[in-house]
Amino acid sequence: MTSPYPFASIFGILIVALSLSAALIWVERRLLALWQDRYGPNRAGPFGLLQVLADMIKIFAKEDWIPPFADKAVFVIAPAIIMVTVLLSFAVLPIAPGIIVADLNIGLLFFLGMSSLGVYSIVLAGWSSGNKYSLLGGLRAAAQMMSYEVFMGMSLMGVVLLAGSFNLTTIVEAQSKLWFVIPQFLGFILFLIAGVAEARRLPFDLPEAEAELVAGFHSEYSGMKFGMFFVGEYLGITLISAMIAVLFFGGWMGPWLPPIVWFFIKVFAFLCFFILLRASLPRLRFDQLMSLGWKVMFPLALANLVVTGAIVTVFK
Amino acid sequence: MLSIIRTMWSVFLHTFHRRVTIQYPEQKAYLAPRYRGRIILSRDPDGGERCVACHLCAIACPVDCIALQATEDENERRYPEFFRINFSRCIFCGYCEDACPTYAIQLTPDFEMSEYNRQNLVYEKEDLLIDGPGKYPGYNYWRVSGVSIGGKGKGEAENELPPVELRRLTP
Amino acid sequence: MGTIYIDGKASEADPKQNLLHACLSLGLNLPYFCWHPAMGSVGACRQCAVKQFKDAQDTRGRLVMACMTPAAPDTRISLQDPEAVAFRAGIIEGMMLNHPHDCPVCDEGGECHLQDMTVMTGHDYRRSRFPKRTFHDQYLGPFVYHQMNRCIQCYRCVRFYRNYAGEDDLNAFGISNEVFFGREQDGVLKSEFAGNLVEVCPTGVFTDRTLRRHYTRKWDLRMAPSICGHCSLGCNTTMGERYGLLRRVVNRFNSEVNGYFLCDRGRYGYEFVNSEQRIRAAQINGAPTSVTEAKRRLSSLVAGGQQLIGIGSPRASIESNYALRRLVGKDRFFCGVSDGEWERTRAMVEILQAGPARSASLRDVELSDAVLILGEDVTNSAPRMALSVRQSLRQQSFETTQKLRVPLWMDDAVREIAQAKRSPLFIAAAGATRLDDVATATYKAAPEDIARLGFAVAHEIDAKAPEVPDLSGEMRELAATIATALTGAKHPLVIAGPSCRSISVIESAANVARALCDNGHSAALSLIAPACNSFGLALLGARPMSEALAAVQDHGDATLIVLENDLYRQLPAKLVDGYLAKAAHLIVLDQLGNGTTAKAELLLPAGTFAESDGTLVSNEGRAQRFFQVFVPEDGIKESWRWLGDQSWSSLDDVLSEIGTEIPRLASVIGAAPLSSFRIAGAKIPREPHRYSGRTSITANISVVEPKPPDDPDSSLSYSMEGASIQPPAALQPFFWAPGWNSIQAVNKFQSEIGEALRGGVPGVRLFETSTGGGYFDGIPNPFTRRTQEWLLLPIEHIFGSEELSAHASSIAELVTEPYLALNPADAAGFLAEGKPTVVEVAFGGLKQRVPLKVLAELPSGLAGIPAGLTALCGEELPAWCRIERAS
């Protein structure tokens, strides 16, 4: 089922996604402040809401500096890649009945593919900066993505088995009786962790790790190029939150309120959860991250797939 | 695993805590008397400039923001001809105060010295000099130093013997 | 070399030296006060105590003073032994008992040997509650400031002043705890080397009085290696600048030249750079103008089609002289000094280049054991050499010392053994000299007779040398004595110079040196040049000034370019007026205003030694480079930049062009590393790493900090950033080592204490000995006095006779009033009873009124006037003059 007004959907989702991620900057700073007994930005406009605007003006006005030792073409392209891949993923996201850009029957695979492509942005940025810290950041991102991509996909196979489809709308509709978070609780936990790692959020933000890599892959970026990485990261969180809502929490489904409101409530709850993660957890060491991925998460995801598969086969 | 959840829970509980932020400038913070803020030059108890232009503050300064030139009055009392602090560079580390052998340079509990024009942050001796002894009311370097200045001859400092009489014959 | 064991570690040490010398040579930190590398050990301060062990089995050991113990092979000592450490700490605590709480206002602070040693031994808290001893201070003249409270009684000052410099008005007075170092009464220190007390004193008893007027700590000075330009010896100095003002000059160790000491003219002459008389902006017909306008005017005058005539200068660098020579052409470049001086200078260069005698460095002078000085008062014409000559007098006594197996560093014992025995020193001069007190014999005579004595000595040594006709018996006897002394010495030395204004004197000295060399003696010859770069100018080549007048007259509309030269000091005023009147345009480059600059149409401000780079050739024939200390704010530039080619971007370009154009000077480029020289890719910082106030110095003008100026001409940088390891010696901007803030940090830079710097000996020698040439035979007739006329001779003065240093305010205080000196018998006719007499000197149509002064040692028939101090200083002397009592 494709939207009857494709362009309206496209622009609607584009604008909402972008402004949401911009607003997230303010939300995150306020929430972090709340949990650290501070106020956060509260001077610009009511509740400091105009802080986002001020930041935007600042970031646009900054000198767009390309270091002389950088690989210029790649350096310019890299931040665009992350924006494009994340925004493309939004295309397959069913927000409410009828509000979707492309209702692909392989929507879930498309999402996984796009989020994997996003790593090129980081790797290329790290490489083209011509700076050893950036390069280390890029390498970490590559290793981290490869490790977590594997069980991210596997953790979702339980959902696919239960819904019998890769189509995201079908998956949402399959949860009309029971949200998949209950039968697929382990899958949900695995996907949540993998999602945080995919979005390179604390405690898995090793590619930028300012304490050791001085902001890693985006050390050399400034101005709007840096802004694109910044917005790309928030878009990524929004996307992961939306995917959690769609895959495990019944998407738009819910009583009384309109479907779109339910969708946004769920997404917002997960966004807040991500920010709480950042506020409370320290960063992992890189070797811990890798061993967690391969030695714990990957076997668990396999086990989850096998058990779910067995149950589905037996009860069908 | 459990500890992670407990941590997250306890952080979450901070939602309901009181905030510690002081809403400056509406509210003012308490500054201790030994707070390291705006630098001043103090005076001796007798009213003279305490600074003897020894250059120790300048060498101690990690950002090299103090420049001065020594000169003397007619009685060979040393003082700075000019004494300049570039506060746009100052990091208020207080090393200059530590280095000062005469308690002349002192940091005060005042940090409200923002300017729209950086040039206004360059303070000359006239801007730095205050009319009192600051934190150390009793001290006068010249009373313990061996050199003579106007009003204090050789051997008249604290804990000094009168000058040796060279033409005395007794051993 | 033998092996000694220090704290169990085997090290090489020279057994002829003491343990302190050995430890310091090995780079170990052992505190000391009374020992000085140039003055040996006396064991007065007890600070360098170490534990000595009998053999490997001995564990108890005993405390010995390192400076008083020979570094004999297999000596076992410990520096770290707790007992030695405690002993040293106790000694310094005792010294600090009476040391005042002065460091913040003491000029020595920050470069104080006592501070360094106190930190080294770890004493940091005065436990004594007893009152401190104090002293009254003395006024010791314009150079040295006295603060006796600070004294730690190491006796270095009197040892330097009395034993080393040979003057007696500074002494130790009093007994027990009340020993006072000073003069009997307040007064100017008599020694011309008193300024060295500032460096010799380990603490702030003697400090630099000129520095005190514009005081800056050592760490705040921007410093650069320089060469003293106030006489021809080329002593190495370090100049220090801050806030655009030259602050002071200190000695820069050069083992071959000045060693550890400077003369007061060299140390305090620097103040002319800050003089009111400085030309700081270009002027056109007396009106200040901008640099661009001056450049425009210069190029239009140069390209104006008129004949260009260049007048060089013996006090300008080789580079500046070359730039002018290149601009005007080789045939129109003139030497800028009187024909007589030019002839003498060229003769001296000729003699040193073609003669068999080695051109003596100051170290050679110090090591020579018989000296003959012909026609010079070296203390006044080349002061630092007098100090070296004084040291040479000890050489023969060292034989006895060696026989008695007393090591040379054992200073008191060595002097005790020597008693009054001195190596022979013969001085023939036209008046009293400051070395007369230690001379074996002196001969006061007119220049002709001095030359005759020299020729007679040469003939006594070598019969092949021309014989002097009509020699008096007395003179023959003296010549024989001198000849015996010189031939009996291992390293005889002959010193002569132009002070007598007589080429015969110089030729006679050359004959003596040749006679000695031809008879198998390794004789050295030292010829003093009239100015700091006279020899450089002579090597560069120029035409004599008498031809310049003809050239000016031939081209009625010539453009005259005068380089750093006050013609009125070099040539008779009438002659100069003639030159300047004939020339259509006059361009003058100079540092200080003078008679010539006053007449310039275009006056360009030239950089002094502190503001320019260049090379000077010393009287030894050593080409040495001086480096710019700071970039002056105004239009002041090096003369070679004003006059130079557009294609020259740096000093290297000038030097390489000089090398190709003038093969004689090809090796000058090697006097110091080129500007491309780097240490690990970095320049050498002129500022110490503790240089303060970088972000505040110019903040009163603009809070935006300027980039430090670039220096295209040298591998020194104008900042504190750069290589911090030892550079080549010619580029050593200052001496500092961790824990060694005083100038005695030089210990850490020497290959062995007192020997050459590890970076080599700065400069290149241009003169090498040759076997060619023969004896001079221009023996003058004996001097005959006239009845109503006197032969007027210049008398050199250390303070005043040299043009630039006389403008230094401290030196100006000591410059004598102009006078006319006569022998008492001659003066008797003019003296009015009990009143100062003023006489009128007349010669060659000139008249000058000056006070009469009676000089006992002046030979009868001669009259003396101070060189460079009267309006007559440009006249060609000697000249016969009439003297009348002025009414």
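Every value quoted in this text rests on a predicted model; they were computed, and no experiment measured them.

A. How the structure looks around the packing of helix α20 (residues 545–554) of chain C against helix α22 (residues 573–582) of chain C. Residue and element names in this part refer to chain C. Two numbers describe how α20 lies on α22: the axes approach to 9 Å, and their chain directions differ by 30°. Both α20 and α22 take part in a crossing whose hand is left-handed. Where α20 approaches α22, its residues Met545, Ser546, Ala548, Leu549, Val552 and Gln553 are matched on the opposing element by Leu575, Tyr579 and Lys582. A class-by-class count of the residues in the contact of α20 with α22 yields six nonpolar, two polar and one charged.

B. Quick peek at the nonpolar core. Residue and element names in this part refer to chain C. Counting 131 residues, the largest nonpolar core has Met385 and Leu425 as its most contacted members. Once you skip the residues sitting within four places of it in the chain, Met385 turns out to touch Leu233, Leu362, Val365, Val378, Ile495, Ser526, Ile528 and Asn619. Among the nonpolar cores identified, the runner-up in size contains 125 residues, and Ile284, Val468, Ala489 and Ile587 belong to it.

C. The arrangement of the interface of chain B and chain A in detail. Taken together, the contact pairs 16 residues of chain B with 13 residues of chain A. Taken together, both faces of the contact between chain B and chain A bury some 1,500 Å²; the carbon and sulfur share is 59%. Interface area lost by chain B to chain A is led by Met8, Val11 and Arg19 of chain B, which between them contribute 43%. Run the count over chain B and chain A and you get one salt bridge. Between Glu26 of chain B and Arg43 of chain A there is a salt bridge whose closest N-O contact spans 3.2 Å. For the side of chain B that touches chain A, the residue count by class is seven nonpolar, six polar and three charged.

D. Fine view of unusual backbone geometry. The linkage connecting Tyr24 of chain B with the following residue, Pro25 of chain B, adopts the cis geometry, with an omega of 10°. For Pro25 of chain B, the location among the structural elements is in the loop between α1 (2–13) and β1 (39–41). The omega torsion of the bond from Leu877 of chain C to Pro878 of chain C falls at -5°, within 30 degrees of zero and hence cis. Position of Pro878 of chain C among the secondary structure elements: in the loop between β36 (862–866) and β37 (879–885). The phi torsion at Phe92 of chain B lies on the positive side, around 55°, for a residue other than glycine. Along the chain, the position of Phe92 of chain B falls in the loop between β3 (78–86) and α3 (95–99). On the accessibility criterion, Phe92 of chain B (24% relative accessible area) is partly exposed.

E. Looking closely at the side chain of Gln570 of chain C. Residue and element names in this part refer to chain C. Relative to the elements of secondary structure, Gln570 occurs in helix α21 (residues 567–570). Within the structure, the side chain of Gln570 is placed 3.3 Å from the side chain of Asn565, a separation counted as a polar contact. The contact partners of Gln570, leaving out residues within four places of it in the chain, are Pro314, Gly336, Val337, Ser338, Glu341, Asn565 and Gly874.

F. Spotlight on the packing of helix α3 (residues 72–90) of chain A against helix α4 (residues 107–128) of chain A. Residues and elements named next belong to chain A. Put simply, α3 and α4 touch, their axes get as near as 8 Å, and they point 165° apart. As far as their axial angle goes, α4 and α3 are roughly antiparallel. Once α3 is placed against α4, the crossing between them reads as left-handed. The residues of α4 that touch α3, namely those facing Val74, Phe75, Ala78, Pro79, Ile81, Ile82, Thr85, Leu88 and Ser89, are Phe110, Phe111, Met114, Ser115, Leu117, Gly118, Ser121, Ile122, Leu124, Ala125 and Ser128. Class assignment for the residues of the contact of α3 with α4 results in 14 nonpolar, six polar and no charged.

G. Local environment of the confidence of the model for chain C. In the predicted model, chain C carries a mean pLDDT of 92, and the fraction of residues at 70 or more is 100%. What the predictor reports for the complex is a pTM of 0.83 with an ipTM of 0.89.

H. View of the arrangement of the chains. Looking across the two pairs of chains in contact, one finds the most contacts between chains B and C. One thing to see here is that chain A and chain C don't touch, and their nearest C-alpha atoms sit 20 Å from each other.

I. A look at the sheet that holds strand β28 (residues 622–626) of chain C. Spatially, three strands are ordered β27-β28-β31 (chain C) in an open sheet, and the strand pairing comes out antiparallel. Across the chains shown, the open sheet's two edge strands, defined by having one partner strand only, are β27 (614–617) and β31 (764–765) of chain C.

J. Looking closely at helix α25 (residues 651–661) of chain C. The complete set of buried residues in α25 of chain C reads Leu651, Asp652, Val654, Leu655, Glu657, Ile658 and Gly659 of chain C. Those residues of α25 of chain C hidden inside the fold are in contact with α9 (318–328), β27, β28 and α24 (639–643) of chain C.

K. Representation of the environment of Thr442 of chain C. All names here are of chain C. Note on placement: Thr442 falls in strand β21 (residues 441–444). Of the residues examined, Thr442 reaches a relative accessible area of 35% and is grouped as partly exposed. C-alpha of Thr442 to C-alpha of Leu478: the two residues are 36 residues apart in sequence and 9.5 Å apart in space. When residues no more than four places from it in sequence are discounted, the contact partners of Thr442 are Ile427 and Asp436.

L. Representation of the environment of Arg758 of chain C within the structure. Residue and element names in this part refer to chain C. Note on placement: Arg758 falls in the loop between β30 (716–717) and β31. When sequence neighbours within four positions are dropped, the list of residues in contact with Arg758 reads Gln726, Lys748, Phe749, Gln750 and Ser751. Within the structure, the side chain of Arg758 is placed 2.4 Å from the backbone oxygen of Lys748, a separation counted as a polar contact.

M. Molecular detail of helix α17 (residues 473–487) of chain C. All names here are of chain C. For α17, which comprises 15 residues, the first-to-last C-alpha distance of 21 Å matches the rise-based estimate of 21 Å (1.5 Å per residue) to within 8%. Three or more residues of α17 are buried, namely Met475, Leu478, Ala479, Ile482, Ala483, Ala485 and Leu486. The arc enclosing the buried residues of α17, seen along the axis, measures out at 165°, which places them on a common side. Turned more than 90 degrees away from the buried face of α17, the exposed residues are Glu477 and Thr484. Buried residues belonging to α17 abut β19 (370–374), β20 (425–429), β21, α16 (447–461), β22 (492–496) and α18 (503–518).

N. Fine view of empty space enclosed by the protein. Residues and elements named next belong to chain C. If you walk through the whole model with that rule in mind, you get 17 cavities of 30 Å³ or more. One number sums up the size of the largest cavity: a volume of about 700 Å³. Lining the largest cavity are 36 residues, with Glu341, Arg501, Pro530, Glu796 and Ser801 sitting closest to its centre. For the lining of the largest cavity, the secondary structure elements donating two or more residues are α10 (339–354), α12 (378–381), α21 and β36. Of the residues contributing to the lining of the largest cavity, the split by class is 15 nonpolar, ten polar and eleven charged.

O. Looking closely at the domain arrangement of chain C. All names here are of chain C. Domain parsing of chain C yields domain 1 (2–96), domain 2 (215–274 + 673–761), domain 3 (276–336 + 546–611 + 632–661), domain 4 (342–529) and domain 5 (789–885). On the side of domain 3, 15 residues touch domain 2, which itself brings 13 residues to the contact. Per-residue buried area on domain 2 facing domain 3 is highest for Phe272, Val273 and Asp713; these three make up 52% of the total on that side. A salt bridge links Asp713 to Arg641; its shortest N-O distance comes to 2.3 Å. On inspection of domain 2 and its partner domain 3, the count reaches five residue pairs in polar contact (both at pLDDT 80 or more). Looking at side-chain class alone, the side of domain 2 that touches domain 3 contains seven nonpolar, five polar and one charged residues.

The rules behind each value
- Along each chain, residues carry numbers from 1 onward, in the same order as the chain's sequence is written.
- Chains and ligands are labelled sequentially in the order written, the chains with letters from A and the ligands with numbers from 1.
- Only residues with pLDDT of at least 70 are given local features in this predicted model, and only at 80 or more are side-chain atom pairs given and counted; all residues enter the totals for whole chains, interfaces and linings.
- Hydrogens and waters are ignored; side-chain quantities use all the structure's heavy atoms.
- Working convention: axes come from line fits to C-alpha atoms, limited for helices to the stretch in contact. Angles between N-to-C directions cover 0 to 180 degrees.
- A helix here means a DSSP run of H or I that spans at least four residues, while a strand means a run of E at least two residues long, and both kinds are numbered starting from the N terminus.
- Left-handed is the label given to a crossing in which the near helix is rotated counterclockwise from the far helix by less than a right angle, and right-handed is the label when the rotation is clockwise.
- Residue contacts are defined here by distance: any two heavy atoms, one from each residue, within 4.5 Å place the two residues in contact.
- Each residue gets one label: Ala, Val, Leu, Ile, Met, Phe, Trp, Tyr, Cys and Pro are nonpolar, Asp, Glu, Lys and Arg are charged, and the others, such as Gly, are polar.
- Put simply, buried Ala, Val, Leu, Ile, Met, Phe, Trp, Tyr and Cys residues joined by side-chain atoms within 4.5 Å make one nonpolar core.
- To sort residues, take the accessible area from a 1.4 Å probe on protein chains only and compare it with the maximum for the residue type: under 20% means buried, over 50% means exposed, and anything in between is partly exposed.
- When two components associate, each loses some accessible surface as probed by a 1.4 Å sphere; the sum of these losses over both components is called the buried area.
- We count a salt bridge whenever a side-chain nitrogen from Lys or Arg sits within 4 Å of a carboxyl oxygen from Asp or Glu.
- Here a polar contact is recorded for every N or O atom pair within 3.5 Å, except that within protein the pair must consist of a potential hydrogen donor and a potential acceptor, and residues adjacent in sequence are included only if both atoms are side-chain atoms.
- Here is the rule for angles: anything less than 35 degrees is roughly parallel, anything more than 145 is roughly antiparallel, 65 through 115 is roughly perpendicular, and the remaining ranges are oblique.
- Confidence of the predictor in every single residue is expressed as pLDDT, which spans 0 to 100.
- Pairing between two strands requires that DSSP report at least two bridges joining them.
- Expected span, for any helix, means 1.5 Å times one less than how many residues it has.
- The directions considered for the arc are those from the helix axis to the C-beta atoms.
- Here a cavity denotes grid points, spaced 1 Å and computed from the protein atoms alone, that fit a 1.4 Å probe unable to get out, and a pocket denotes an open set having protein on both sides within 12 Å along at least 5 of 7 lines; residues with an atom within 4 Å of a point are the lining.
- Grid points are joined across faces, edges and corners, and a volume is the space filled by probe spheres set on the points.
- The domain boundaries here were taken from an automatic or database domain assignment.

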